[in-house]
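As a plain string of letters, each chain reads:
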Amino acid sequence: MEILKEYWKEALEQAAVRQLTDEYKEKGYKTLDNYSLMNLFVVKDNEKLAFVIKSGKISQEYASEFAKLNKSCKNEGIKLHYVMINDPKTKSIEF
């Protein structure tokens, strides 16, 4: 069985969200529900961080939405991070 690209890309993004969530919880951040295009939103004291996690290329339309989100975050005092996940390289082994 070959897992289709659309499925493993989704799994990679979910894994990155889980990993970042664990890392920031260990640092004492509180995680909040997702907002808009953000995959993760964390808060500690007065520091607010938001993360958008994507694998592969982004569309022009999405880039425009991200720019709007970035502007909105700046206005709210939220530091927005864009996390790009590289597609894993596949290997083929022949017997």
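Here is what the cut-offs are and how they apply
- Residues numbered from 1 in each chain as written.
- Predicted model: local features only at pLDDT ≥ 70, side-chain atom pairs only at ≥ 80, totals over all residues.
- Heavy atoms only, no water.
- Helix = DSSP H or I, 4+ residues; strand = E, 2+ residues; numbered from the N terminus.
- Expected span 1.5 Å × (residues − 1).
- Buried < 20%, exposed > 50% of the residue type's maximum accessible area, 1.4 Å probe, protein only.
- Arc of directions from axis to C-beta.
- Pairing = 2+ DSSP bridges.
- Axes fitted to C-alpha atoms, helices over the stretch in contact; angles between N-to-C directions.
- Patch = residues over 30% accessible without salt bridge, like charges linked within 9 Å, V, L, I, M, F, W, Y side chains within 5 Å.
- Areas by Shrake-Rupley, 256 points an atom, 1.4 Å probe, with all protein chains shown as cover.
- Salt bridge = Lys/Arg side-chain N within 4 Å of Asp/Glu carboxyl O.
- Core = buried A, V, L, I, M, F, W, Y, C linked by side-chain atoms within 4.5 Å.
- Contact = heavy atoms within 4.5 Å.

**Q** Is there a simple way to think about helix H2 (residues 60-75) in this case?
**A** It helps to recall that an α-helix has 3.6 residues per turn; residues three or four apart then point in one direction. Compared with the 22 Å implied by 1.5 Å per residue over 16 residues, the 23 Å span of H2 between its first and last C-alpha is a close match. Of all the positions in H2, only Tyr62, Phe66, Leu69 and Cys73 are classed as buried. Each buried residue of H2 sits inside an arc of 60 degrees when the element is viewed along its axis, so together they form one side. Residues of H2 that are exposed and point more than 90 degrees away from the buried face comprise Gln60, Glu61, Lys68, Lys71, Lys74 and Asn75.

**Q** Can you walk me through unusual backbone geometry in this structure?
**A** Excluding glycine, residues mostly carry a negative phi; peptide bonds, for their part, are mostly trans. If you check the backbone angles, Asp45 has positive phi at about 55 degrees while not being a glycine. The topology assignment puts Asp45 in the loop between strand E2 (40-44) and strand E3 (47-55).

**Q** What should I look at first to understand the sheet that holds strand E4 (residues 78-85) in this one?
**A** Backbone hydrogen bonds are what pair the strands of a sheet, in a parallel or an antiparallel way. With mixed pairing, the 4 strands of this open sheet are ordered in space as E1-E2-E3-E4. At either margin of the open sheet sits one strand with a lone partner, and together these are strand E1 (30-32) and E4. Sheet twist, expressed as the average angle between the axes of neighbouring strands with direction ignored, equals 25 degrees. Where E2 meets E3, 5 bridges bridge the pair, whose relative direction is antiparallel.

**Q** Would you explain a nonpolar patch on the surface in this entry?
**A** A contiguous nonpolar patch, built from Met1, Ile3, Leu4 and Tyr7 and spanning about 550 Å² of accessible area, is present on the exposed surface. Position of Leu4 among the secondary structure elements: in the segment before helix H1 (5-26). Residue Leu4 is classed as partly exposed on the basis of its relative accessible area, which comes to 47%.

**Q** Hey, could you run me through the nonpolar core in this one?
**A** Nonpolar side chains in soluble globular proteins tend to end up buried together. Grouped together as the largest cluster of nonpolar side chains are 11 residues: Ala16, Val17, Leu20, Tyr24, Tyr29, Leu40, Val42, Leu49, Phe51, Ile53 and Ile85. Looking at this core, the elements with two or more residues in it are H1, E2 and E3. Top contributing element to this core by residue count: H1, with 4 residues. Non-local contacts of Ile53, meaning those with residues more than four positions away in its chain, are made with Glu13, Ala16, Val17, Leu20, Asn39, Val83 and Ile85. Within the second largest apolar cluster, 10 residues are counted, among which are Phe41, Ala50, Val52 and Ile78.

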